[in-house]
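In case you want the letters, here they are:
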Amino acid sequence: MKFKFSILALLLEVIIIVLFGIFVEYDSSDASQILYPFFQDVHVMIFVGFGFLMTFLKKYAFSSVGINMLIAAFGLQWGTLMQGFWHMERGKIHVNIKSMINADFSTATALISFGAVLGKTSPVQMLILTILEITIFACNEHLVTKTLQATDVGASMTIHAFGAYFGLAVTLVLYRPGLKNKHENEESTYHSDIFAMIGTLFLWLFWPSFNSAIASETIYQTNAIVNTYYSLAACTVVTFALSSLVDQRGKFSMVLIQNATLAGGVAMGTCADLSIHPFAAVCIGSIAGIISVLGYHFLTPLLASKFNIQDTCGVHNLHGLPGILGGIAGIVVTAIKEEVRQGVHLTPGMQAAALGSTIAIALAGGALTGGILKLPFLGQAPDQNCFDDSVYWEV
């Protein structure tokens, strides 16, 4: 791996340096510095929240936090370019605090997909996945927000559903028959679960910022914060209740508490800034908690045994299903109530088209990416070395 990874990483960074030199400039008319607190919160979610959430595997914590950092650091630069190419003015990409938030958002898609293939891919493969996924994400985001003119302020569809189904398609193509019976390292310990819970708490606390950061006006930003706050709270209570209910001995499952408690934030994304009333927010959060817990308990084992989808972190239950729920909530809200954002009348038809196209593009893009990652010269670790830091790290 020594030369392969180093050459690829340095080559990609040189390409980014050249592209930044040609295209990227400061936004001199920028007034987005008031968004800096939101940027800080989102930044912590990306680097600390996502990173630590994936440390539950007993021998894979270095890679969980470390490769997460690599993907995020590379992805935010690539995301700045890919998103910026769609919004160029006089041949230049103008960067400001808002574009930095959006760049962080773009990396979230790759980090969600990383969760699906966690422990089964090499750093070289993850760099290539990041390039391809963020490129496809930027195209899909432009389609949803500019062409279809749908709303998705907290990105239930464009980030969460997209990242989850992209990752599931990749892990299906990279299916390893040797891991059908659980690998000995694919489990947690008491201490690794505590570290993962740190990630959960960071994500849980800052999720209202994630959903409100790019809202178009202050009043919509406030709506998004309030709705996400209550959605998360309701989701957490329901998750604890169902976690005990589905366990034969009535005990709590740390896997469910680490993940399903966050589903309320995911599901609230699409209609976070709409005037849906706090009542609707707690209802959406409660439904998200139910869907996520049942997904972890029943659907994940089914997907692994019947459909050869080995979803390490259960991203389908935290991001995929709640992301679809968020998309459906957006369709229902725009059908019931007339909503206007930046002069655009939001319609249920466009919201439905955005959800459908996002999932279709994610699955197709993920399958294509999985096919590329399967190329033998990219150096996939053998089955016995999966979920083990010592393959890539000095331990």
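Per chain, the residues get numbers from 1 upward, laid out in the order the sequence is written. The predicted origin of the model limits local features to residues at a pLDDT of at least 70 and limits the giving and counting of side-chain atom pairs to 80 or more, whereas totals for whole chains, interfaces and linings rest on all residues. Note: side-chain values were computed over all heavy atoms of the structure, leaving out hydrogens and water.

### Remarks on the nonpolar core
Across soluble globular proteins, you tend to see nonpolar side chains buried next to one another. Quick note on the threshold: Here the nonpolar core consists of buried residues drawn from Ala, Val, Leu, Ile, Met, Phe, Trp, Tyr and Cys, with membership extended through side-chain atoms lying within 4.5 Å. The rule is simple: take the accessible area with a 1.4 Å probe, protein chains only, and divide by the maximum for that residue type; under 20% is buried, over 50% is exposed, in between is partly exposed. We count a stretch as a helix when DSSP gives it H or I for four or more residues in a row; a strand needs E for two or more, and each element gets its number in order from the N terminus. Only heavy atoms enter the contact rule, under which two residues are in contact if any of them lie within 4.5 Å.
Judged by nonpolar contacts, the single largest core of 91 residues is most densely connected at Trp78, Leu81, Ile101, Leu118, Ile159 and Trp207. It is helix H5 (residues 123-147) that contributes the most residues to this core, 11 residues altogether. The contact partners of Ile101, leaving out residues within four places of it in the chain, are Leu35, Phe38, Phe39, Ala213 and Ile214. Within the second largest apolar cluster, 19 residues are counted, among which are Val153, Ala215, Ile284 and Ala329.

### Considering the environment of Gln125
Here Gln125 is to be found in helix H5. Note: C-alpha distance between Gln125 and Phe5 (120 residues apart in sequence) is 9.2 Å. Beyond its immediate stretch of four places on either side in the chain, Gln125 contacts Lys120, Leu373, Leu378 and Gln380.

### Here we look at unusual backbone geometry
Positive phi outside glycine occurs at Arg90, with the angle close to 50°. For Arg90, the position within the fold is in the loop between helix H3 (61-84) and strand E2 (93-95). A positive phi is found at His277, a non-glycine position, where the angle reads about 80°. Examined against the element boundaries, His277 turns out to sit in helix H11 (residues 277-306).

### Regarding helix H6 (residues 156-173)
Operational definition: In this analysis, the expected span of each helix is defined as 1.5 Å times one less than the number of residues it contains. Bend is computed residue by residue as the angle between axes fitted to the seven residues ending at the residue and the seven residues starting at it.
Between its first and last C-alpha, H6 extends 25 Å over 18 residues, near the 26 Å set by a 1.5 Å rise per residue. A bend of about 30° at Phe162 is the largest found in H6. Most of H6 is tucked away: 16 of the 18 residues are buried.

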